[in-house]
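# A closer look at the structure
As a plain string of letters, each chain reads:
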Amino acid sequence: MNDDPSRDGPLRSAAKDVIAQDRRHVWHPFTQHGTEEEPIVIVRAKGASLFDCEGREILDLISSWWTCTHGHSHPKINAALARQAEAFEHVMFAGFTHEPAVNLASALAGLLPGDLNRVFFSDDGSTSVEVALKIAYQSWINRGEPQRRMLLAFDGGYHGDTLGAMSLGRGSQMFSPFRDLMCKVCVLPYPGTFEGDKAVGEREAGALSAFGALLAERGNTIAAMIIEPLLQGSAGMRMCRPSFLRRLVDMAQASGVIVIFDEVATGFGRTGKLFALEQAGVVPELVCLSKGLTAGYMPLAATVARDGLFDAFIGDSFGRALPHGHSFTGNPLACAVALASLALFEEEKTLERIAAINTRHRTLLAAVADRPDVVRPRLLGSMVAFDVKDGGAYQSDQSRALRAWYLGRGLNIRPLGSTLYLMPPYCISESELSRAYAGLVEGLDAAASGVLSRP
Ligand SMILES: *Cc1c(COP(=O)(O)O)cnc(C)c1O
């Protein structure tokens, strides 16, 4: 990329201009603009790597917020996107339909277990959760059980940043300015676990008995329960065991509680199976999908409902229908990309690649397990994580300094508070992984020796 030095000058000054305009006009997500470093201007991406305006390579070790699956700028997905753009880019989705959306809906119904057959499209993880919440809530009104209004979620759970999703994620402690705006949600204990955890059984029993007590006391007033299956992402890659999830779902469903699986982060291979629910062997009433759905290309989400839930909305008045929709519902470009991504899972034997990444991740865990500053090692599918003892809180100076250190060495690693994790795109090579592990450990050493502390 840098083989023509004469291009370097104009490129760099173009980048300066981008940064200046960014500073003037852009409000970034999860960013304190008073303290944030200069953003990096990306001009190209390929496979597991991003390239900035100076040709510097950055390994995307968190898959650009867990969205990128097969790698950046994949030729087959690019081609599918271009093909669909030639045909048509978008059409409103009420009263109209099209092949990309229909094919994607049938493909998802075919991949998901049981009668999870009905797909409502929206735009991102948060909207997929809003839709699930509204379907669950209204279904009880439609079925003549309006006393079922209570919503359950888990301590540490995160479901997005819109109001309903924030309310369900109130256990994440992220949203204190908005407390008064949120709807009421009852938060249950979450038995997070890790490799070699001896007390997990006890914590699970505690969580299940708290849930059982609530069901016994107020079971017929509970509308729905939402959980990130197996892996709470934003809370710091907190894992629970499939057997716990199964017992939880069994108890909920025995009491008629609608179970919502938020697979926005876990879907499309992250946990080693296409969907985390496969590992628990359960069929929730609703599943939320987004992030990896379009391989990280574009915003698209799906809320998939079981047949019985959909049936509760059928009638001859609009009053029973779901009054919800978005301008870009079922966007054909995004659906075409999602279909191309699903085809790649077959063609590239992606789940085998994920299994190989999982095996490699073990070598990292073995290398850091004995460090006095590493606790709670965790491994699931393509994700590996551990906590740094005395690591900083979310966006603390300490965790931001560590992030900057990694970026300076060409590694996109973004600590979640004291949690360090890797969740690479599935195309990552052996040598790229080795580079990632070596860099990760070097960063730990730098942090331990105090090199990172800011003036
Ligand atoms: C990221 C995430 C969301 C929110 O998705 P957005 O696309 O950021 O709105 C919801 N649930 C989970 C589990 C997530 O990880």
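Refer to the preceding data block for the structure.
Here goes a summary of the coordinates provided. (Residues numbered from 1 in each chain as written. Predicted model: local features only at pLDDT ≥ 70, side-chain atom pairs only at ≥ 80, totals over all residues. Heavy atoms only, no water.)

### Concerning the side chain of Asp262
Structurally, Asp262 is set in strand S10 (residues 258-262). Although buried, Asp262 forms no salt bridge, and the nearest oppositely charged side chain, Lys291, lies 7.1 Å from it. Here Val264 takes part through its backbone nitrogen, which lies 3.0 Å from a polar atom of the side chain of Asp262. If we skip the residues at most four places from it in the chain, Asp262 touches Val129, Tyr158, His159, Ile226, Ile227, Glu228, Pro229 and Cys288. (Helix = DSSP H or I, 4+ residues; strand = E, 2+ residues; numbered from the N terminus. Buried < 20%, exposed > 50% of the residue type's maximum accessible area, 1.4 Å probe, protein only. Lys, Arg positive; Asp, Glu negative; His and termini not counted. Salt bridge = Lys/Arg side-chain N within 4 Å of Asp/Glu carboxyl O. Polar contact = N/O pair within 3.5 Å; in protein donor to acceptor, adjacent residues only side chain to side chain. Contact = heavy atoms within 4.5 Å.)

### Overview of the sheet that holds strand S1 (residues 42-46)
The sheet built from three strands is open, its strands ordered S1-S2-S3 with antiparallel pairing. Unpaired on one side and paired on the other, S1 and strand S3 (57-59) mark the two borders of the sheet. Averaged over neighbouring strand pairs, the angle between their axes works out to 30° when direction is ignored. (Pairing = 2+ DSSP bridges. Axes fitted to C-alpha atoms, helices over the stretch in contact; angles between N-to-C directions.)

### A short note on the environment of Leu111
Here Leu111 is to be found in helix H4 (residues 99-111). The spacing of Leu111 and Leu342 is 231 residues in sequence and 9.9 Å in space, taken between C-alpha atoms.

### Remarks on the side chain of Thr69
Among the secondary structure elements, Thr69 is positioned in the loop between helix H2 (63-66) and helix H3 (75-87). Judged by relative accessible area, which is 0%, Thr69 ranks as buried. Every residue in contact with Thr69, bar those within four places of it in the chain, is listed here: Phe268, Arg270, Gly292, Ala295, Ser341, Pro425, Tyr426 and Cys427.

### Side note on the environment of Val91
Structurally, Val91 can be placed in the loop between H3 and H4. Here the alpha-carbon distance between Val91 and Ser327, two residues 236 residues apart in the chain, equals 9.1 Å. Ignoring sequence-local partners within four residues, the contact set of Val91 consists of Phe96, His98 and Pro332.

### Considerations on H4
Between its terminal C-alpha atoms H4 stretches 18 Å, which fits the 18 Å expected from 13 residues at 1.5 Å a residue. Those residues of H4 lying buried are Pro100, Ala101, Leu104, Ala105, Leu108 and Ala109. Projected down its long axis, H4 shows its buried positions confined to an angular sector of 160°, all on one face. Of the residues in H4, the exposed ones pointing more than 90 degrees away from the buried face are Glu99 and Gly110. Considering only its buried residues, H4 is in contact with H3, strand S4 (116-122), strand S11 (286-289), strand S12 (301-306) and helix H11 (332-347). (Expected span 1.5 Å × (residues − 1). Arc of directions from axis to C-beta.)

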